[in-house]
Structure formats: structure tokens, C-alpha cells
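Understanding the architecture of this molecule
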Amino acid sequence: MEELHDMLVEYNIHHIPNECRRSWSDQFCDSKFPCYWEKVFEELQSVDKNKRVLEIGCGQGDVTSILCYLGFNHIKAYEMDGMMSKVAIDKLYMLFGRSEIVECRKYPQEAEKVDVLVLVNCAYADGCVTKEDFKKKMLSFYEKAGTPEIFLLEVIDSSYDIPDENFPYCLRLSSSDIDSLFPFASIHSYETYRYPQNKRTKILYVIKQNK
């Protein structure tokens with residue numbers, strides 16, 4: 001993990017154009033990366049590297065870098081924003097020689113069966129007006145991906161009770177919301193952010209099919 005950390009710090013400091021820099025670009029220039037990044041690394045490092053992995057909303061490719069570094073052979077990542085996807089494509093090629101991973105388009109457009117689904121640090125909620133809308137969207141992602149063995153899903157926690165135009169109340173889920181969506185799964189979680197120490201409270205859920 002330390003080697004990949006150093007690689008990303010070096011890349012993000014020196015190779016991301018100023019016009020592409022965002023707050024999350026700078027997160028990956030710090031001496032300590034966000035908790036969600038470390039937990040994704042820990043959860044996936046022992047997974048069979050021939051498993052098919054799909055990431056929704058890969059941003060600038062910092063979580064995608066974990067997948068490449070760990071040696072997953074079959075990775076697909078989607079990012080709607082053209083500028084962000086270009087940063088991710090350049091980063092993955094320069095660091096890992098991988099040019100086939102990132103597609104600049106909306107997910108999902110068709111069913112695509114994978115083994116591992118990743119949706120972290122991304123509120124993929126266009127068209128959602130109510131909490132039920134958002135829950136149905138998260139479940140639809142899972143079903144479109146063929147009900148993968150592992151789903152890493154980070155959401156704003158419902159305990160965060162501050163008005164926030166970027167993350168309205170309909171996007172905030174509780175552990176009981178997650179349990180109701182995946183009653184057949186084994187679920188554990190990590191608190192990745194905590195308000196007011198952080199801007200919001202977020203939870204990363206690790207949703208695994210019961211064998």
C-alpha cells in the first residue's frame with residue numbers, strides 16, 4: 001500500500017493539469033489518504049485477481065489505481081465527466097501501462113456481469129427525488145452487474161442531518177436501508193467520514209453474497 005501511495009502522491013502533485021484539479025485531487029497528495037481508499041485496498045487485496053471488477057464513477061482514477069496495482073486482470077471503469085475520465089486514462093496508462101479500462105460514459109447502458117462492483121466517493125443519483133428512488137437505483141446497479149459476489153458501496157449516512165444541496169436527504173441511507181436492499185447478503189461496514197470533523201458522515205458497506 002505504501003508504494004502505491006507514493007506513486008499517486010507523485011503523480012497527482014506533478015501530472016494533473018491545474019484546470020483539472022479538484023478537492024479530491026489534493027486528497028491524494030496528502031501523507032494519509034482517505035479512509036475509504038485504504039479500506040478498498042484492504043478488502044480487495046486477497047480477492048482472486050481473475051475476478052471481473054467494475055467501478056462506477058471512477059473520477060480521476062485513484063481507486064481504480066488500487067485495482068491495477070493489486071493486479072486485477074479484468075477491470076472496467078465508467079466516468080461521465082470527460083475531463084475527469086481523461087485524467088484517469090492518462091494516470092492509469094502512465095502508472096500501470098493500462099489503456100483499456102476507463103470509458104467516458106454513463107453507467108449502466110446494458111447488463112454487464114461482474115464479480116466485484118465498486119461505487120465509492122461518488123453520489124451517482126441523477127433522477128432521484130426520493131430515498132426510494134435512490135435505493136432502487138443502487139439495487140439496479142447491483143442487478144445490472146449480475147449480482148456480484150462483492151459490492152463496495154459508500155453512501156452518505158442518514159445520521160448526517162445538515163441541509164446540503166449537493167447531497168439532499170434522499171441520498172442519505174442508514175444501515176437498515178442497506179440491510180433491506182440486500183437481505184440475502186453478509187454485510188459489514190466502515191465509517192469513512194464523520195461530521196463535524198469532516199464535511200459529512202459517510203459509511204462504506206462491504207456487501208458479500210452468502211455462500
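Residues numbered from 1 in each chain as written. Predicted model: local features only at pLDDT ≥ 70, side-chain atom pairs only at ≥ 80, totals over all residues. Heavy atoms only, no water.

The final tally for this structure, using the stated rule, is 0 disulfides. Not engaged in a disulfide, the cysteine C35 finds its nearest cysteine sulfur in C122; these two sulfurs lie 18 Å apart. Among the residues examined, C35 registers a relative accessible area of 25% and is labelled partly exposed. (Disulfide = S-S within 2.5 Å. Buried < 20%, exposed > 50% of the residue type's maximum accessible area, 1.4 Å probe, protein only.)

The next thing to look at is unusual backbone geometry. Cis rather than trans, the peptide bond between Y107 and P108 has omega equal to -5°. Its location among the elements puts P108 in the loop between β3 (102-103) and β4 (116-119). Cis geometry is adopted by the peptide bond preceding P196, which originates at Y195 and carries an omega value of 10°. Along the polypeptide, P196 turns up in the loop between β7 (185-193) and β8 (202-209). (Helix = DSSP H or I, 4+ residues; strand = E, 2+ residues; numbered from the N terminus.)

Below, the discussion takes up the packing of helix α4 (residues 62-70) against helix α5 (residues 82-96). Taken N-terminus to C-terminus, the directions of α4 and α5 make an angle of 30°; their axes are 10 Å apart at the nearest point. Considered as vectors, α4 and α5 are oriented roughly parallel to each other. For α4 against α5, the interelement crossing comes out right-handed. Residue-level contacts link D62, T64, S65, C68 and Y69 of α4 to K91, L92 and F96 of α5. Looking at the contact of α4 with α5 residue by residue, the classes come out as 4 nonpolar, 2 polar and 2 charged. (Axes fitted to C-alpha atoms, helices over the stretch in contact; angles between N-to-C directions. Parallel < 35°, antiparallel > 145°, perpendicular 65-115°, else oblique. Left-handed = near helix turned anticlockwise from the far one by under 90°. Contact = heavy atoms within 4.5 Å. Nonpolar A, V, L, I, M, F, W, Y, C, P; charged D, E, K, R; others polar.)

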